[in-house]
Amino acid sequence: DTGVSQNPRHKITKRGQNVTFRCDPISEHNRLYWYRQTLGQGPEFLTYFQNEAQLEKSRLLSDRFSAERPKGSFSTLEIQRTEQGDSAMYLCASSRGSGGIYNEQFFGPGTRLTVL
Amino acid sequence: AQSVSQHNHHVILSEAASLELGCNYSYGGTVNLFWYVQYPGQHLQLLLKYFSGDPLVKGIKGFEAEFIKSKFSFNLRKPSVQWSDTAEYFCAVSSLSGGYNKLIFGAGTRLAVHP
């Protein structure tokens, strides 16, 4: 399978703990995106990378959230001091592209986070 | 701020019925428009997209959508649904002001098709 992969698929944690998710994009894609989806809503944009540079962050991404893409390949999303409101599906997507041209975003299966 | 509204949260149809799912967006500039589908247990997949040109766009599995600029709408249609179309459908927009880099999604419409 050469699609976007995410690990873990499910994570249950206690409030106050830190969690880290990983996303492996399609190999030739230089753009990588993180979205969050809560129950009954569509995905909400969190941040995106072009290669290793984080070019945009949503206001949804509080100080407790940090995303990295150190070598321009896989990315990690860390949530520190988790809160119950962080419970959601965290989606990763990747695409080709540069400049102001849209290219199709391919989504991974998501990581479902439950904070108890 | 840009937003996307989907008119129906849940739709129930019998097989062979016609489908139309409404989508309106709020943004006055140049936009790209998309419909994504999520089948049970699967990833979000692109169903169809509109960038420019013919406002009637055809996608996979017999779906089509019409962009009506004056109404800020991008409704999804299918003349005859099948049980396998049971899924959640999301309308999304990207804009020049966002560098076309982020998608703004609607809340989704959950479609159930009964045999």
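Everything here concerns the structure above.
Note that the coordinates shown come from a computational prediction; the quantities given were computed from them, not determined experimentally.

Peer 1: Help me understand the environment of Met89(A) in this model?
Peer 2: All names here are of chain A. Summarising the element assignment, Met 89 is placed in strand 9 (residues 88-95). Classification of Met 89 as buried rests on a relative accessible area of 15%. Ignoring any residue separated from it by four or fewer positions in sequence, one finds Met 89 in contact with Tyr 35, Arg 36, Gln 37, Pro 109, Gly 110, Thr 111 and Arg 112.

Peer 1: Got a minute to help me understand the packing of aromatic side chains in this structure?
Peer 2: The geometry of an aromatic ring pair is captured by two quantities: the separation of the ring centres and the angle between the planes. Per the counting criterion, the structure on display carries 17 aromatic pairs over all chains. An aromatic cluster of at least three residues, connected via ring pairs, comprises Tyr33(A), Tyr35(A), Phe45(A), Tyr48(A), Phe107(A), Phe34(B), Tyr36(B), Phe51(B), Phe90(B) and Phe105(B). Looking at Arg22(A), its charged tip hangs above the ring of Phe74(A), at a distance of 3.9 Å from the centre.

Peer 1: For this particular structure, what's the right way to read the interface of chain B and chain A?
Peer 2: Across the contact, 19 residues belong to chain B and 21 residues belong to chain A. Interface area, chain B with chain A, both sides summed: about 1,600 Å², of which 55% is carbon and sulfur. Between Lys102(B) and Glu56(A) there is a salt bridge, with its nearest N and O atoms 2.9 Å apart. Put simply, the parts of the chain that give the side of chain B that touches chain A at least two residues each are strand 5 (31-38), strand 6 (44-50) and strand 10 (87-95) of chain B. Tallying contributions element by element places strand 5 of chain B first for the side of chain B that touches chain A, with four residues. A breakdown of the residues in the side of chain B that touches chain A according to their chemical character gives 10 nonpolar, eight polar and one charged.

Cut-offs and rules
- Residue numbers here run from 1 along each chain, matching the order of that chain's written sequence.
- Going through the entries in the order they are written, you letter the chains from A and number the ligands from 1.
- Under the rules for a predicted model, residues below a pLDDT of 70 receive no local features and side-chain atom pairs below 80 are neither given nor counted, while totals for whole chains, interfaces and linings still include all residues.
- Hydrogens are left out, water is left out, and the side-chain values use all remaining heavy atoms of the structure.
- Secondary structure counts use DSSP, requiring at least four H or I residues in a row for a helix and at least two E residues in a row for a strand, with both numbered from the N terminus.
- Using a 1.4 Å probe on the protein chains alone, a residue whose accessible area is under 20% of its type maximum counts as buried, one over 50% counts as exposed, and one in between counts as partly exposed.
- Two residues form a contact once any of their heavy atoms are found within 4.5 Å.
- Centres within 6.5 Å are what make two rings of Phe, Tyr or Trp a pair, Trp counting through its six-membered ring; a difference in plane orientation under 30 degrees is then read as stacked, over 60 as edge-to-face, and the rest as tilted.
- Criterion for a charge above a ring: Lys NZ or Arg CZ within 6 Å of the ring centre, and within 35 degrees of the ring normal.
- For any pair of parts, buried area is found by adding up, for both, the accessible area (1.4 Å probe) each one loses once the two are put together.
- We define a salt bridge as a side-chain nitrogen of Lys or Arg found within 4 Å of a carboxyl oxygen belonging to Asp or Glu.
- We call Asp, Glu, Lys and Arg charged. Ala, Val, Leu, Ile, Met, Phe, Trp, Tyr, Cys and Pro are nonpolar, and the rest, Gly among them, are polar.

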